[in-house]
Amino acid sequence: TARATMWLWQLNDLAAIGAQCLAGVFCAAQFGTAAPLLCAAGYAFLTVRFEGQSIRDFLYSAAAFFFLHRVNSAGMGKGKRNENNEEETVPAGDPP
């Protein structure tokens, strides 16, 4: 599918970054705080797209890989911890 992109961002992300920057400049001028500009810069960094994947997508995939429960390397069953906190494998055909 074709996506509207400009430089490193999709068009909807670029519009959100622009709105955040405008709000950040307003807050900096009126209230003297740069926090909204820092939030806009963080969002701009997280939404950079390279070869179809954004940094935000990469971080989400990395967190899912390291922190969420997944199927063991053989792909046959779910890894489970016993009372000694050791991982034991349950075959796919057996009930939990």
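Structural data are supplied above this passage.
It should be emphasised that the depicted structure is a prediction, and the values quoted were computed from it without experimental measurement.

Turning our attention to the overall build of the chain. Within the chain one finds three helices and six strands. From first element to last, N terminus to C terminus, the chain shows the α and β order β-β-α-α-β-β-α-β-β. A burial count over the chain gives 15% of its 96 residues as buried. Intrachain contacts of the chain at a sequence separation of at least 6 include 21% that bridge at least 24 residues. Accessible surface, the chain as shown: approximately 7700 Å² in total, 64% of it carbon and sulfur.

Before going further, it helps to examine the state of the cysteines. Tallying each qualifying case throughout the model produces zero disulfides. The thiol of C39 is not disulfide-bonded; the next cysteine sulfur, from C27, is found 10.0 Å away. For C39, a relative accessible area of 53% gives the class exposed.

Across all of its chains, the model carries two aromatic pairs by this definition. Judged by centre distance (6.3 Å) and plane angle (90°), the ring pair of F26 and F31 falls under edge-to-face. Given a relative accessible area of 61%, F31 falls into the exposed group. Both rings, one in F65 and one in F66, keep their centres 5.0 Å apart while their planes meet at 85°; by these two values the pair is edge-to-face.

Reading the values: the criteria
- Residues numbered from 1 in each chain as written.
- Predicted model: local features only at pLDDT ≥ 70, side-chain atom pairs only at ≥ 80, totals over all residues.
- Heavy atoms only, no water.
- Helix = DSSP H or I, 4+ residues; strand = E, 2+ residues; numbered from the N terminus.
- Buried < 20%, exposed > 50% of the residue type's maximum accessible area, 1.4 Å probe, protein only.
- Contact = heavy atoms within 4.5 Å.
- Areas by Shrake-Rupley, 256 points an atom, 1.4 Å probe, with all protein chains shown as cover.
- Disulfide = S-S within 2.5 Å.
- Phe/Tyr/Trp six-rings, centres within 6.5 Å; stacked < 30°, edge-to-face > 60°.

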